[in-house]
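What follows is the residue order along each chain.
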Amino acid sequence: MASEKEFLNYVLDVLSVKGINDFSVRPMMGEYLIYKNGIYFGGIFDNAFLVKKTISNEKFNLSEITPYPGAKLMYEVEPESVDICEIIANACADLTKKQIKIENKSI
């Protein structure tokens, strides 16, 4: 099921109000991928805001959901959660570390 543009706008408005402004959105097959500083950290899937699973976010005990059949599990996050800024910052930091390790191995 494709996500509604209104839900995307709601999530983006909430993130903006919470001070998360340096993100971009990419539509993808009826869903929306969200990037912060060029890092894909989450998206809107079936009108749910999902963030990639990372070690730093395990402490929040978030629900795990598969965004589509065959995909890796992601964390479902309520856009108005008091921890949303920390959850996104943790995911991006962990994903940046992972990317640096991958780049260093290929050198």
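Quick caveat, the model's predicted, so the values are computed rather than measured.

Cut-offs and rules
Residues numbered from 1 in each chain as written. Predicted model: local features only at pLDDT ≥ 70, side-chain atom pairs only at ≥ 80, totals over all residues. Heavy atoms only, no water. Pairing = 2+ DSSP bridges. Helix = DSSP H or I, 4+ residues; strand = E, 2+ residues; numbered from the N terminus. Axes fitted to C-alpha atoms, helices over the stretch in contact; angles between N-to-C directions. Contact = heavy atoms within 4.5 Å. Salt bridge = Lys/Arg side-chain N within 4 Å of Asp/Glu carboxyl O. Phe/Tyr/Trp six-rings, centres within 6.5 Å; stacked < 30°, edge-to-face > 60°. Buried < 20%, exposed > 50% of the residue type's maximum accessible area, 1.4 Å probe, protein only.

Trainee: Quick rundown of the sheet that holds strand E6 (residues 74-76)? Include the residues and the values.
Mentor: The strand order E1-E2-E3-E4-E6-E5 describes an open sheet built from 6 strands, whose pairing is antiparallel. Two strands bound the open sheet, and with one partner strand each, they are strand E1 (23-28) and strand E5 (63-65). When the angles between neighbouring strand axes are averaged without regard to direction, this sheet yields 35 degrees. Note that E5 and E6 share 3 bridges and pair antiparallel. The partner of Ser63 across the bridge, within E6, is Glu76. Sheet strands in contact with helix H1 (residues 5-17) are E1, strand E2 (31-36), strand E3 (39-45) and strand E4 (48-52), and its direction is about 165 degrees off that of E1.

Trainee: Summarise the pattern of salt bridges; cite the residues concerned and give the values.
Mentor: One pass over the structure, following the stated rule, counts 3 salt bridges. Between Glu64 and Lys53 there is a salt bridge; the shortest N-O distance is 3.0 Å. With Glu64 in strand E5 and Lys53 in the loop between E4 and E5, the pair connects residues that are 11 residues apart, well separated along the chain.

Trainee: Which residues make up the packing of aromatic side chains, and what values go with them?
Mentor: The way to describe two aromatic rings as a pair is by their centre distance and the angle between their planes. By the definition in use, this model includes 3 aromatic pairs. Both rings, one in Phe45 and one in Tyr68, keep their centres 6.4 Å apart while their planes meet at 45 degrees; by these two values the pair is tilted. In this pair, Phe45 sits in strand E3 while Tyr68 sits in the loop between E5 and E6, placing the two residues 23 residues apart along the sequence. You can call Phe45 buried: its relative accessible area is 6%. Residue Tyr68 is classed as partly exposed on the basis of its relative accessible area of 46%.

Trainee: Provide a residue-level description of the pairing of E3, including the pertinent values.
Mentor: By the criterion of burial, E3 is predominantly enclosed, with 5 of the 7 residues buried. Of the pairings in the sheet, the one linking E2 to E3 comprises 5 bridges and is antiparallel in character. Looking at the pairing, Tyr35 lines up with Tyr40 of E3. Hairpin connection between E3 and E4: a loop of 2 residues separates the two successive antiparallel strands, and Asp46 in this loop has a positive phi of roughly 50 degrees.

Trainee: Outline unusual backbone geometry, supporting the account with residue identities and numerical values.
Mentor: A positive phi angle, close to 50 degrees, is found at Asn37, a residue other than glycine. Along the polypeptide, Asn37 turns up in the loop between E2 and E3. A positive phi angle is found at Asp46, which is not glycine, with a value near 50 degrees. With respect to the helices and strands, Asp46 occurs in the loop between E3 and E4.

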